[in-house]
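# Examination of the molecular architecture
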Amino acid sequence: MLQVRRLIDFITAAICSVLLLAMVVLVTWQVISRYALNDPSTFSEELLRFGVIWLSLIGTAYVAGKTGHMSVDLIKDLLPGKWQAALNILIQVAFIAFAVGVLIIGGMRAVNIAAQQYTAVLQIPMGAIYGSLPVAGVLTLVYSILNIIDLLQGRATKAPVGDDIPAGE
């Protein structure tokens, strides 16, 4: 399972990195074309908007896989260890329900509805943009299942935050 997680982590992080790099290049081009060439780029704004959508959703799935999502630990900290583990599993089950119900099923409905619509400038099918929902849903589902397996096997998958980050990283 660890190898599967590492592979998914690598692919997801690579996709997010490429999207972020492409967005930096597009923003740079947009600024140059607007201020240096005095001819604003129209395609870059639309591509950036869609890049933000894809990056946000794929990044959210990645963070859920690392259990680095925002949480309030007050109740969890008050519970004994056995109940903390149960709460952690319950949280992952909630992620699964959200991923399946909203992102996958709802996302596929949105893809089907928007499949015949095209973007204004680039003429890209809107279904390709809404496709980020089911893709993020599948990633979140897989990550949540892997997180439950790790929790049942006694391995924590908490991402380092704040003071937990080792020096040099």
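Definitions and cut-offs
Within each chain, residue numbers correspond to sequence positions counted from 1 in written order. In keeping with the predicted nature of the model, local features appear solely for residues at pLDDT of at least 70, side-chain atom pairs appear and are counted solely at 80 or more, and the whole-chain, interface and lining totals rest on all residues. Processing note: side-chain calculations cover all non-hydrogen atoms of the structure and skip hydrogens and water entirely. UniProt positions are given in the numbering used here, feature names are shortened, and annotations may be inferred rather than shown by experiment. Side-chain atoms within 4.5 Å link the members of a nonpolar core, which is a set of buried Ala, Val, Leu, Ile, Met, Phe, Trp, Tyr and Cys residues. Note on classification: 1.4 Å probe, protein chains only; a residue is buried when its accessible area is under 20% of the maximum for its type, exposed when over 50%, partly exposed between these limits. Here a helix means four or more residues in a row that DSSP labels H or I, a strand means two or more in a row labelled E, and each is numbered from the N terminus. We call two residues contacting when some pair of their heavy atoms lies within 4.5 Å. Here a patch means residues that are over 30% exposed by relative accessible area and free of salt bridges, tied together within 9 Å if like-charged and within 5 Å if nonpolar (Val, Leu, Ile, Met, Phe, Trp, Tyr). The method behind every accessible area is Shrake-Rupley, applied with a 1.4 Å probe, and residues are considered shielded solely by the protein chains displayed. Any carboxyl oxygen of Asp or Glu that lies within 4 Å of a side-chain nitrogen of Lys or Arg is treated as forming a salt bridge with it. Helix span, as expected, comes to 1.5 Å for every residue beyond the first.

In the annotation of an unreviewed UniProt entry, the entry for the protein chain reads TRAP transporter small permease protein, and the organism field reads uncultured Pleomorphomonas sp. The UniProt entry for the protein chain carries the following text under Sequence similarities (unreviewed entry): "Belongs to the TRAP transporter small permease family."

Turning our attention to the nonpolar core. Generally speaking, nonpolar side chains in soluble globular proteins are found buried as a group. Membership of the largest hydrophobic core is limited to seven residues, which are Ile-8, Cys-16, Ile-58, Ala-61, Leu-139, Tyr-143 and Leu-146. Of all the secondary structure elements, the ones that give two or more residues to this core are α1 (2-36), α2 (43-65) and α6 (132-152). A total of three residues in this core trace back to one element, the largest contributor, which is α6. If we skip the residues at most four places from it in the chain, Leu-146 touches Met-1, Val-4, Arg-5 and Ile-8.

With that settled, the discussion passes to a nonpolar patch on the surface. A cluster of nonpolar residues, Trp-29, Ile-32, Leu-37, Phe-43, Leu-47 and Val-121, forms a patch on the protein surface that exposes about 500 Å² of accessible area. Listing elements by their share of the nonpolar patch, those giving two or more residues are α1 and α2. Position of Trp-29 relative to the elements: it lies in helix α1.

Moving on: α1. Here α1 is 35 residues long and its end C-alpha atoms lie 49 Å apart, about the 51 Å a rise of 1.5 Å per residue gives. Along α1, the positions that sit buried rather than exposed are Arg-5, Ile-8, Asp-9, Thr-12, Cys-16, Met-23, Leu-26, Gln-30 and Ser-33. As for α1, its buried residues are in contact with α2 and α6. Downstream of α1 by a residue or two, Asn-38 has a phi angle that is positive, lying close to 55 degrees.

Attention now goes to the environment of Ile-104. Position of Ile-104 among the secondary structure elements: in helix α4 (residues 81-114). Sequence separation between Ile-104 and Gly-51 is 53 residues, and the spatial gap between their C-alpha atoms is 20 Å. Once residues within four sequence positions are removed from consideration, Ile-104 is found in contact with Ala-99, Pro-134, Gly-137, Val-138 and Leu-141.

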